[in-house]
Amino acid sequence: MTLRLYGTASRSAGFSSDEARSVLRLRSVDSVAERHAADFALARTPDDIRRAVEADWSSILVVSDGAIDLPGTFAGRLVTVPPIYDYLAEGDVIGFDHASRKFRTLYRRNSAHNSLLVTERCNNYCLMCSQPPKDVDDRWILGEIKESLPLIDQATRALTFTGGETLSDWEDFIAVLTECRDRLPATAIQVLTNGRAFANSRIVDAWKDIGHPALMAAIPVYASVDHVHDHVVQAKGAFDETILGILKLKDRGQRVEIRVVMHALTAPIIEDTGRWIARNLPFVDHVALMGLENTGFAIANDAMLWMDPVDYGDGLARAVDHLSAAGVNVSVYNLPKCVLPKSVWPHALQSISDWKNGFVEECDRCDEKNTCSGFFTTGRPRFSRAVRAITSQRDKLTALAD
Amino acid sequence: MRPMPPAAKLPAASPVEVTVDFDSSIQSLSALDAAAYRLIGTATCQVDRAGDRYVCRLVSSTNPQKGAVLSSNELKERFLNLVADENLRARVAEKTEGVRNVILALAFGALAANQNDAG
Amino acid sequence: MARFLRPESFSAATEDLSLLPFNFERAGANQYLVANMVGDFVRLSEEELNRLVDLQVRPGDGLYEKAYAAHLITGTNQKAQRQLLAARLRSRMSFLQQTTPLHIFVVTLRCEHSCPYCQVSRQSTDRSRFDMSEQTAMRALDIAFASPTARIKIEFQGGEPLLNFPLIRKIVAAAKQRSGKKLDFVIASNLALLDDAVLDFCKENNVLLSTSLDGPADLHNKNRPRPGANSHELAIAGIRRAREILGPDKVGALMTTTEASLDRVDEIIDEYLEMGLDGIFLRPLSPFGFAIKTKQFAKYDAQKWLAFYERGLRRVLEINRQGTPFREFYAALLLTRMLSDRPIGYVDLRSPAGAGLGALVYNYDGSIFASDEGRMLAETGDDAFRLGHVEHDSYNSLILSDKLIGAISSSLTQCAPECSTCVYESHCGADPVYHYATQGDALGIKPLSAFCARQKGIMGLLLDILENSPEDAAIMRRWAAA
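Computed from a predicted model, the values in this text were never measured in an experiment.

Caption draft 1: Focus on the overall build of chain C. When its secondary structure is counted, chain C shows 18 helices and 15 strands. Projected onto its principal axes, the C-alpha coordinates of chain C cover approximately 90 × 50 × 50 Å. Every one of the 482 residues in chain C was classed for burial, and the buried ones make up 58%. Of the roughly 18,800 Å² that chain C leaves accessible, carbon and sulfur atoms contribute 50%.

Caption draft 2: Region of interest: the domain arrangement of chain A. Residues and elements named next belong to chain A. For chain A, the assigned domains are domain 1 (6-105) and domain 2 (110-401). On a C-alpha basis, the centroid separation for the pair domain 1 and domain 2 is 35 Å. Opposite the ten residues of domain 1 that make contact, domain 2 presents eight residues. Across the domain 1/domain 2 interface, buried area totals approximately 890 Å², and carbon plus sulfur atoms make up 54% of it. On the domain 1 side of the interface with domain 2, the three residues burying the most area are Arg21, Val23 and Arg104, jointly 55% of the side's total. For the salt bridge of Arg104 with Glu144, the shortest nitrogen-to-oxygen distance reads 3.2 Å. Per-class residue counts for the side of domain 1 that touches domain 2 are five nonpolar, two polar and three charged.

Caption draft 3: Summary view of the side chain of A:His98. As for its position among the elements, A:His98 is in the loop between β7 (93-97) and β8 (102-107). With residues near it in sequence (within four places) discarded, A:His98 still touches A:Phe15, A:Ser16, A:Glu19, A:Ala20, A:Arg21 and A:Ser22.

Caption draft 4: Quick look at the interface of chain A and chain C. With 27 residues of chain A at the contact, the number on the chain C side is 36 residues. The junction of chain A with chain C conceals about 2,600 Å² of combined surface from both sides, 57% of it contributed by carbon and sulfur atoms. When residues of chain A are sorted by the area they lose upon contact with chain C, A:His227, A:Asp240 and A:Arg279 head the list and together hold 25% of the total. At the junction of chain A with chain C, the criterion picks out four salt bridges. Residues A:Arg279 and C:Asp341 are paired through a salt bridge, measuring 3.5 Å at the closest nitrogen-oxygen approach. At the surface where chain A touches chain C, the tally comes to 14 residue pairs in polar contact (both at pLDDT 80 or more). For the side of chain A that touches chain C, the secondary structure elements donating two or more residues are α5 (226-233), α6 (238-251), α7 (270-280) and α10 (313-325) of chain A. Residue contributions to the side of chain A that touches chain C peak at five residues, all from α6(A).

Caption draft 5: Representation of the interface of chain B and chain C. Taken residue by residue, the interface counts 22 residues in chain B and 28 residues in chain C. Taken over both partners, the interface formed by chain B and chain C buries close to 2,600 Å², and the fraction arising from carbon and sulfur atoms is 64%. Looking only at chain B, the three residues that lose the most surface to chain C are B:Tyr37, B:Arg38 and B:Ile103, adding up to 24% of its buried area. Here chain B and chain C share four salt bridges between them. Run the count over chain B and chain C and you get eleven residue pairs in polar contact (both at pLDDT 80 or more). Those elements that provide at least two residues to the side of chain B that touches chain C are α1 (29-38) and α2 (72-118) of chain B. Split into classes, the residues belonging to the side of chain B that touches chain C amount to eleven nonpolar, four polar and seven charged.

Caption draft 6: The sheet that holds strand β15 (residues 330-333) of chain A, seen in detail. All names here are of chain A. Read across the open sheet, the seven strands follow the order β9-β10-β11-β12-β13-β14-β15; overall the sheet is parallel. Edge positions in the sheet fall to β9 (115-117) and β15, since each has one partner strand and no second. Within this sheet the neighbouring strands show an average axis-to-axis angle of 25°, counted without direction. Of the pairings in the sheet, the one linking strand β13 (residues 255-261) to strand β14 (residues 286-290) comprises five bridges and is parallel in character. Looking at β14, one finds that Glu257 is bridged to His286.

The rules we used
Residues numbered from 1 in each chain as written. Chains lettered and ligands numbered in written order. Predicted model: local features only at pLDDT ≥ 70, side-chain atom pairs only at ≥ 80, totals over all residues. Heavy atoms only, no water. Helix = DSSP H or I, 4+ residues; strand = E, 2+ residues; numbered from the N terminus. Buried < 20%, exposed > 50% of the residue type's maximum accessible area, 1.4 Å probe, protein only. Areas by Shrake-Rupley, 256 points an atom, 1.4 Å probe, with all protein chains shown as cover. Domains from an automatic or database assignment. Contact = heavy atoms within 4.5 Å. Buried area = accessible area lost by both parts, 1.4 Å probe. Salt bridge = Lys/Arg side-chain N within 4 Å of Asp/Glu carboxyl O. Nonpolar A, V, L, I, M, F, W, Y, C, P; charged D, E, K, R; others polar. Polar contact = N/O pair within 3.5 Å; in protein donor to acceptor, adjacent residues only side chain to side chain. Pairing = 2+ DSSP bridges. Axes fitted to C-alpha atoms, helices over the stretch in contact; angles between N-to-C directions.

Written out as structure tokens, the structure is:
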């Protein structure tokens, strides 16, 4: 089931009208860590609330559907959210809008998949976009992220920045990355971007000047031919800029991952694309060949885009072979093992973010479930006709069939 | 002991000769030269001018470096193909010379710049 | 409301297309093999080739896609492909930044074998005036250390270099004393004189051993006559012992092809397999030294050798398909050129040629040659590739000598007739010494060159396998990666 990462608080009090938004960090009531101005005690029961008040907490977030009993003397900030947000835990960071009481879970400390949305604006318009672009002035988001960074646990292994196009306001965004370098020196940063901004030497030089110890640009390339890529991303000239951007990044010694989302337009040519990347860009740090998330624009374009993964398995296996033979690190994301050729299994990673990852009933009987990526729970999940538990019995039957 | 009689000798094959001519107003000499070069070892080619035509006299080698001795028609066809290829090469070179220089400059121009800086 | 554009909206108009440089060769009826500026291959029909040259291509017609992915066409105002080709070209040529990584020290001409094809003229074992002196060796080391590259390989050759083992010891010790370079050492020996002292020394100083193994006993011994007729026995014993003491990756074997080898490639390969070696280098015979005198090199032409090579390569691939990793090293070299842009400094397959720039040879008497074959030529009285002498030359005077510059510049494949427009040029090389020895000039007339015929033959064979035999292609792709 998809974790709900946004919502509306049922109640709030004590927030200043001078500011439009606040960033909140949740703390257990008994936490003895030094309290930051943004820290809120996390309470689930009336007893929690009582203890929070006793411990002099001036800000409390309550997860409950019941009535809240606060002493009249309490003059601090209060937010109440429905029980569906029970996943909230110590260390999590929330962005809260005072007027509308809308909030977003920005960061979950106990998750390995934290993704910060930077903007909803984008200069591409991909046919399968899972986060359809909006032409809005949402530059406040970068401000909110900057406020969040000091609240994020420095032990966080990795953070992803996503969008929209993350480099839409590249100067402000690069400033945020510089903050990350200073505040979260041990956190690896992955930035999802269409890479077109890096065709501009000024921008790629600024990126290099961040001097971040573990920064990766993850850039989609959908074909070895300009018009095919441009059609998928719905932007003329995108292929030329993206490839040039990749070259400039690598010229400055920056880390680059290439991503290829596979659907009816990109999967039939995946062997050609893989071979082209192996021949022309073998110096990239990683290549991720990805199953389609059927959400956002992918639903609108379903007729054009849906392709059963089992029908592109052979091409995928050949693409993986070309890439790995050329010494390129290649992984397959978002596809369950039952639909993949066995030769691809060593490259198939558990890649779907925890909050949108699920399995089906069939999977309960499967030997490979523990190392399988499972399925997306977002959008309108479409399942391959080949989804079937992998059991030793099935292997025997397959061997007989062969 | 009587000496062995000499082994029977096959009659030497007579060299194949063929002549091909071209309109000198549309066929470049350099393409003919390049085609003749590729034919070395298979046949010799002598190019003469007769009025407004280039006349190429091909004589097959008696001891070809590659493959069997060609017949007159084979030799002619081979040479015409080579000339056609050289003409095409010339067209491609002309169309791509500019971008070729750009790419070479991009590839190695930085080196020249570095050397200039270093004095 | 989301609005999406159809594919047609993203197509370039013909007037916005430009041709990119390429070479081509007829490859059968109505077929052309085409290679772009960095040697990527694609096959086109005659009609497709003509349409391409006239830019009569449209996105979606199949030819556009084939040509674009192969960098034969680009958008006139696009930038990425031009930059990509430039970057790849720079990478392919970057071997030039490592000038003279290989230094060959001929520590003695003495040898106890008398191989008919040997490029070394032999002198009998008891004449020590054919040994390199310590003074010569130290001067040669001065020159080697003056080459700009950060890492050099010093290879000891002969004659049989172990006949002057004391000097090898001194050279290795002296080289290690000098700072400024990473060092690799190799002794090219027939291993007949391998003993514990030599093995201990090699182990302690990380010296690699390279030896000859021409095939099964009768073949090897026929190629390598030795008083006692036990060359093969000694080589085998030497290889085994050396692998055991130094480690399997410290001992390599090379085979040399003679006319006697041509019908026996399977047995030769089996011999290598049995010795546990991880691959074989199927080499042609070089036309030098005694080989010229004994007319060995004239005894087989390129076609015969190519048949031998193809049979050998297919046998090696069969061995791989049966589960044993085993390489043919020359194919691996060519495949690295054809399937990647990693720079290959292999001296015999580069343009500008590897003479001098890739290797310098210091003869026992202090003469310095541009290559091993250049030294062999001098043995027959021809000084064409003698660059100088340790007494009065420096690294710069050798490398910048008119002789060397002349040989290298006149043999450049990028400028040579036929080579410059050859479809295989990106993966080939200049061999000025070979062409000088066989034809009398450094450039050579390529249609008459067995080197050229062999190169074209091998590359054609490799392409055929890559295109038509998927399982073998997958095996060969991995040879290119390592």
